[in-house]
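So the chains spell out like this:
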Amino acid sequence: MKYNSIGKIVAAHGISGELVVKHALGAKTSLKGLETIFIEERRGELLPYFIVGAKARNEQEIYLQLEGVQSREAAQKLVSRECWLPEEDFHRYAAPEATISFLGYSIWNGDEDLGEILEIIEQPHQVLCRIDYFGKEALLPIHQDSLLEVNPAKKMIRVQLPDGLLDIYR
């Protein structure tokens, strides 16, 4: 099964083990109907946690109560860990216009298919897309000047990258 990161646990809230999850789903959500969230125990090792309660805090944060996490101390141990959803659930909750929804899209520079977007890194004035390019990790900037087309039907993004940018990865 393939999983997508939605964000990370940023704080414990209150004394009953409630967590604050900062997400990049692009819309205010309480993850209504979601039963399980996966939390990264160690790099590449995801553990399932059953959701007991969840409510939207704002556009980017959710209060989350998990089964077995019933004290502030237990919640504190999970702070700064990544939260993941199975790909099917991820697409159900991510807003279509959210940049995080580009995960799995192929990225094209003009007519060249550069590969699949493996990770989205949001920064203040641009988004970086991590891809595997000729066996190397490449970070490609996406912003209003470089983005030419987004085609959700084909799961494709077309960009015009600055001359010479890809040369450093070859």
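Everything below is about the structure shown above.
Criteria and thresholds
Residues numbered from 1 in each chain as written. Predicted model: local features only at pLDDT ≥ 70, side-chain atom pairs only at ≥ 80, totals over all residues. Heavy atoms only, no water. Helix = DSSP H or I, 4+ residues; strand = E, 2+ residues; numbered from the N terminus. Contact = heavy atoms within 4.5 Å. Areas by Shrake-Rupley, 256 points an atom, 1.4 Å probe, with all protein chains shown as cover. Salt bridge = Lys/Arg side-chain N within 4 Å of Asp/Glu carboxyl O. Buried < 20%, exposed > 50% of the residue type's maximum accessible area, 1.4 Å probe, protein only. Pairing = 2+ DSSP bridges. Axes fitted to C-alpha atoms, helices over the stretch in contact; angles between N-to-C directions. Core = buried A, V, L, I, M, F, W, Y, C linked by side-chain atoms within 4.5 Å. Polar contact = N/O pair within 3.5 Å; in protein donor to acceptor, adjacent residues only side chain to side chain. 1 Å grid on protein atoms, 1.4 Å probe; cavity = no way out; pocket = protein on both sides within 12 Å on 5 of 7 lines; lining within 4 Å. Points joined across faces, edges and corners; volume = space filled by probe spheres on them. Nonpolar A, V, L, I, M, F, W, Y, C, P; charged D, E, K, R; others polar.

Draft legend 1. Examining the overall build of the protein chain more closely. Looking only at helices and strands, the protein chain has 2 helices and 13 strands in total. Look at the contacts in the protein chain between residues 6 or more apart in sequence, and 55% of them connect residues 24 or more apart. For the protein chain, the exposed surface amounts to about 9,600 Å²; the carbon and sulfur share of it is 50%.

Draft legend 2. Expanded view of the pattern of salt bridges. The tally for this structure, following the rule as stated, stands at 11 salt bridges. Put simply, R130 and E137 hold a salt bridge, and the shortest N to O gap is 3.9 Å. The exposure class assigned to R130 is partly exposed, which follows from its relative accessible area of 22%. Where salt bridges share partners, they join E112, D167 and R170 into one cluster.

Draft legend 3. The arrangement of the sheet that holds strand β8 (residues 112-116) in detail. Taken together, 4 strands build an open sheet; the order of strands is β8-β7-β13-β12 and the sheet is mixed. Of all strands in the sheet, those bounded by a partner on one side alone are β8 and β12 (147-151). Put simply, the sheet's adjacent strands are angled 20° from each other on average, direction ignored. Bridge analysis of strand β7 (residues 106-109) against strand β13 (residues 156-159) gives 4 bridges, and the strand direction is parallel. Looking across to β13, one finds that W108 is bridged to R158.

Draft legend 4. Inspection of the nonpolar core at higher detail. Core analysis: the biggest nonpolar cluster contains 46 residues, and I37, L66, I107, I117 and L140 have the highest contact counts within it. Broken down by element, the residue count for this core peaks at 4 residues, all from strand β10 (residues 127-133). Beyond its immediate stretch of four places on either side in the chain, L66 contacts L19, I37, I39, Y49, F50, I51, V52 and L78.

Draft legend 5. Structural view of the environment of L165. The residue L165 is located in the segment after β13 in this model. Between the alpha carbons of L165 and P141 there is a distance of 9.8 Å; along the sequence they are 24 residues apart. Filtering out sequence-adjacent residues up to four positions away, L165 remains in contact with L140 and P141.

Draft legend 6. Just the sheet that holds strand β3 (residues 36-42), in detail. Taken together, the 6 strands give a closed barrel; going around it, the order is β1-β2-β5-β4-β3-β6, and neighbouring strands pair in antiparallel fashion. Averaged over all pairs of adjacent strands, the angle between their axes in this sheet comes to 50°, without regard to strand direction.

Draft legend 7. Structural view of the side chain of H23. In this structure, H23 sits in strand β2 (residues 18-23). A polar contact is formed between the side chain of H23 and the backbone nitrogen of L25, at a distance of 3.1 Å. Those residues in contact with H23 that lie beyond four places of it in its chain are I6, G7, T29, E59, Q60, E61 and I62.

Draft legend 8. How the structure looks around the layout of surface pockets. The computed volume of the largest pocket comes to approximately 860 Å³. Every residue lining the largest pocket is counted, 33 residues in all, and those nearest its centre are S5, E82, I100, E119 and I120. Within the residue set of the lining of the largest pocket, elements represented by two or more residues are β1 (3-13), β2, β6 (82-86) and β9 (119-122). With 6 residues, the top contributor of residues to the lining of the largest pocket is β1. Among the residues making up the lining of the largest pocket, the classes are represented as 13 nonpolar, 9 polar and 11 charged.

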